[in-house]
2 protein chains.
Amino acid sequence: MPQRYSEDDIIARIFAPIAGAAALGLKDDAALLAPESVQLVVTTDMIVAGVHFFADDAPALIAKKALRVNLSDLAAKGAEPIGFLLGLALPEDWTNDWLDAFAAGLAEDARAYRAPLIGGDTGATPGPLTISITALGRAPRFVPRSGAKPGDAIFVSGPIGDAALGLAVRRDAALAARLSAGARDYLIGRYLLPQPRLDLAPWLAANASAAMDISDGLAGDLAKLCRASSVSAIVDLASVPLSDATREAIAIDPALFERAITGGDDYEILIACGSGAALPAPACRIGEIVAGNAPPSFLDAQGKPVFFKKLSFQHF
Amino acid sequence: MPQRYSEDDIIARIFAPIAGAAALGLKDDAALLAPESVQLVVTTDMIVAGVHFFADDAPALIAKKALRVNLSDLAAKGAEPIGFLLGLALPEDWTNDWLDAFAAGLAEDARAYRAPLIGGDTGATPGPLTISITALGRAPRFVPRSGAKPGDAIFVSGPIGDAALGLAVRRDAALAARLSAGARDYLIGRYLLPQPRLDLAPWLAANASAAMDISDGLAGDLAKLCRASSVSAIVDLASVPLSDATREAIAIDPALFERAITGGDDYEILIACGSGAALPAPACRIGEIVAGNAPPSFLDAQGKPVFFKKLSFQHF
């Protein structure tokens, strides 16, 4: 076993350099936030090796994914980041090199997204690496899931299904072999590294009736948004934006279309807004909110309803 | 395998009833907090089966411990709870009965401590049960670790070592057999169920120079407080309050005294405050902050320094 940092070293040498002012140098038990004249938004997501990522993924990418899935929630609520708290349970075989790379990735994103580390808790686990991040943000107006109204347009902020197909490519060597190298790398990259759409947060705070990030699949997440808003929806599947790589994969195996629409990890934003609203590309209008409590309808290019076996990813 | 809740059921049926207003019925991706005219305090702690508790501990007690270790951090910072976010990674063999009991324990404490659930994330793990809680609180004044000044009195809020000896009793059947049933039950209870000292929070916010909760052992945590404050300390070991049960255990095995002073999980509060300050029992004055950068000195009844093999619990 190579020599490893002590628990105190981990805090002082690895994480303190990432910390923001509110963290008080990570020398305290809690973070201190100044009072805000805007709305404070808090969200938490936990990711586990073997469930949400592969244990041998690059540590910097694991760190960035753990942070970005939380920043994606802030973005969907119209919020910009204030900072985040990190809960880290390290497996028995962790090494300093691994932790250095993890912290470097985290630091890079903390800077890029202006989301400093403001606290945390590091410990050991006899199980797989487990990362729990709680992110705090400020929003001029909190965009709820529950605000969609009949007549609203439904937008998604960018291409759907890339990450789900990226995961499929990682699991299915035969599929990977049939894809072009460019498509393969793009899809895997979209699975490994979500792009939180913080650029849209101010627009959402000003304009959206309802929004959520698409983490468990477009079809299932739209059903959730509709239930929270007591409305239904009609989606024109031909309008759902797909990347060239996803189109290439679907051309090889048409069943992957359903995977794209119902698979998780997109981290694009699902938006309901007034029908006159316009969002810049790559956002796309994909349908309309309608009255009623029926589950959303998904229509093909001929206007016929399409039924999916399973609307979204469920852990249980 | 008995039938189990779906992921959606867990949120809607198990956790939504515990949720506070900020949680928006747990139907959203993030919680919304109103702006505060006081200081906002945030803390996170992650506990793992086999590390911080036994996997077969009563689920209600596991839930309460996970919440209380966070509330203890709030108390030490002079804060009262606003609410908490729950990250829950369930092991493969979880059952509905287990989760019902876990949620019942959590609900009981959420009510008792006025700390509603305001958000969370539930998922699966191939490893041990892992619980990450982030608690938010409000404080009229944040009490830092770093404010201790030479001349300050050092207090602890109550008996030290009970939980460390409770753990020793659970691990050592011979020791357990030699203790009275009352002492055994008391010590194990103090290990299983910390008592966050939220009753002291207003006093601390008004009076303490520095404070922290004692989670990794009195000796090591005092060393941390001194380092954060750039001071040293002298502790009169004979003044450290010990419960009757801990005295009984130490009479059986004198080596347990060191375990009591350096073992973790007390969740009492270590306080530095002006030398004229008075704290009601069971709080006890145990020493004094002095100038310098030396590690704290621990003196026995004859005024001779006592050296401990290891100041506190470390995961690594």
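Keep in mind that what you see is a predicted model, and the values were worked out from it rather than measured.

Focus: the overall build of chain A
Counting secondary structure elements, chain A contains ten helices and eleven strands. Relative to a compact globule of 316 residues, whose C-alpha radius of gyration would be 20 Å, chain A shows 20 Å and is just as compact. For chain A, the C-alpha atoms occupy an extent of roughly 65 × 55 × 35 Å along the three principal directions. Taking all 316 residues of chain A together, the buried fraction comes to 57%. Partitioning the contacts of chain A with sequence separation of at least 6, the portion at a separation of at least 24 is 88%.

Things to note about unusual backbone geometry
Residue and element names in this part refer to chain A. Here the residue pair Ala281 and Pro282 is connected by a cis peptide bond, since its omega of 10° sits within 30 degrees of zero. The phi dihedral of Asp265 is positive, around 75°, even though this residue is not glycine. With respect to the helices, strands and loops of the structure, Asp265 is situated in the loop between helix H10 (256-262) and strand S9 (269-273). What makes Asp265 buried here is the crowd of 23 C-beta atoms within 10 Å. One non-glycine residue, Tyr267, lies in positive phi territory at about 55°.

Describing the packing of helix H2 (residues 59-76) of chain B against helix H3 (residues 96-112) of chain B
Residue and element names in this part refer to chain B. Put simply, H2 and H3 touch, their axes get as near as 7 Å, and they point 40° apart. Considering their axes alone, H2 and H3 lie oblique with respect to each other. Classified by chirality, the crossing of H3 by H2 is right-handed. Of the residues in H3, those in contact with Pro59, Ala60, Leu61, Ile62, Ala63, Lys64, Leu67 and Arg68 of H2 are Trp98, Ala101, Phe102, Ala104, Gly105, Leu106 and Asp109. Across the contact of H2 with H3, the residue classes break down as eleven nonpolar, one polar and three charged.

Observations concerning the domain arrangement of chain A
Residues and elements named next belong to chain A. By the assigned domains, chain A splits into domain 1 (7-139) and domain 2 (145-299). Each of domain 1 and domain 2 was reduced to a C-alpha centroid, and the two centroids are 26 Å apart. Taken residue by residue, the interface counts 16 residues in domain 1 and 16 residues in domain 2. No other element matches the ten residues that helix H2 (residues 59-76) contributes to the side of domain 1 that touches domain 2. Residue composition of the side of domain 1 that touches domain 2, by class: eight nonpolar, two polar and six charged.

Some details on helix H9 (residues 244-252) of chain B
Residues and elements named next belong to chain B. Those residues of H9 lying buried are Ala245, Thr246, Glu248 and Ala249. Projected down its long axis, H9 carries its buried residues within an arc of 155°, all on one side. H9 presents Asp244 and Ala251 as exposed residues on the side facing more than 90 degrees away from its buried surface. On its buried side, H9 packs onto helix H4 (162-171), helix H6 (181-192) and helix H10 (256-262).

Looking at the sheet that holds strand S8 (residues 232-236) of chain B
Two orientations exist for strands paired in a sheet by backbone hydrogen bonds: parallel and antiparallel. All names here are of chain B. Pairing in this open sheet of six strands is mixed, and the strands run S7-S9-S6-S10-S8-S11 from one edge to the other. The strands lining the two open edges of the sheet, one partner per strand, are strand S7 (208-213) and strand S11 (297-299). Within the sheet, the average angular offset between the axes of one strand and its neighbour, ignoring direction, is 25°. Sheet analysis places S8 next to strand S10 (residues 284-290), joined by four bridges and oriented antiparallel. Note on S10: the bridge partner recorded for Val235 is Gly287. Docked against the sheet, H2 engages S7 and strand S9 (269-273), running at close to 175° with respect to S7. Sitting on the sheet, helix H8 (residues 218-229) is in contact with strand S6 (153-156), S7, S8, S9 and S11, with an inclination near 40° to S9.

Quick word on the sheet that holds strand S8 (residues 232-236) of chain A
All names here are of chain A. Spatially, S7-S9-S6-S10-S8-S11 is the arrangement adopted by the six strands of the open sheet, whose pairing is mixed. Every other strand in the sheet has two partners, leaving strand S7 (208-213) and strand S11 (297-299) as the edge strands with one partner each. This sheet shows a mean twist of 25° between the axes of neighbouring strands, independent of strand direction. Of the pairings in the sheet, the one linking S7 to S9 comprises five bridges and is antiparallel in character. By the bridge assignment for S9, Asp213 is matched with Ile269. Lying over the sheet, H2 contacts S7 and S9, oriented at roughly 175° with respect to S7. Its contacts with the sheet put helix H8 (residues 218-229) on strand S6 (153-156), S7, S8, S9 and S11, and the angle it makes with S9 is roughly 40°.

Digging into the environment of Leu222 of chain A
Position of Leu222 of chain A among the secondary structure elements: in helix H8. Taking C-alpha positions, Leu222 of chain A is 9.1 Å from Ser232 of chain A, a pair spaced ten residues apart along the chain.

Points about the confidence of the model for chain A
Here chain A averages 91 in pLDDT, while 92% of its residues score no lower than 70. The ipTM, which scores confidence in the relative placement of chains, is 0.87 for this predicted complex, and the corresponding pTM is 0.89.

Let's talk about the packing of H6 of chain B against H9 of chain B
Residue and element names in this part refer to chain B. Between H6 and H9, whose axes approach to 9 Å, the crossing angle comes to 115°. Overall, the two elements H6 and H9 adopt an arrangement that is roughly perpendicular. Crossing handedness for the pair H6 and H9: left-handed. Note on element contacts: H9 touches H6 through Ala245, Glu248 and Ala249, opposite Ala183, Tyr186 and Leu187.

Here is what the cut-offs are and how they apply
Residues numbered from 1 in each chain as written. Chains lettered and ligands numbered in written order. Predicted model: local features only at pLDDT ≥ 70, side-chain atom pairs only at ≥ 80, totals over all residues. Helix = DSSP H or I, 4+ residues; strand = E, 2+ residues; numbered from the N terminus. Rg over C-alpha atoms; globule rule 2.2 N^0.38 Å. Buried ≥ 20, exposed ≤ 12 C-beta atoms within 10 Å, placed from the backbone. Contact = placed C-beta atoms within 7 Å. Axes fitted to C-alpha atoms, helices over the stretch in contact; angles between N-to-C directions. Parallel < 35°, antiparallel > 145°, perpendicular 65-115°, else oblique. Left-handed = near helix turned anticlockwise from the far one by under 90°. Nonpolar A, V, L, I, M, F, W, Y, C, P; charged D, E, K, R; others polar. Domains from an automatic or database assignment. Arc of directions from axis to C-beta. Pairing = 2+ DSSP bridges. pLDDT = per-residue confidence, 0-100.

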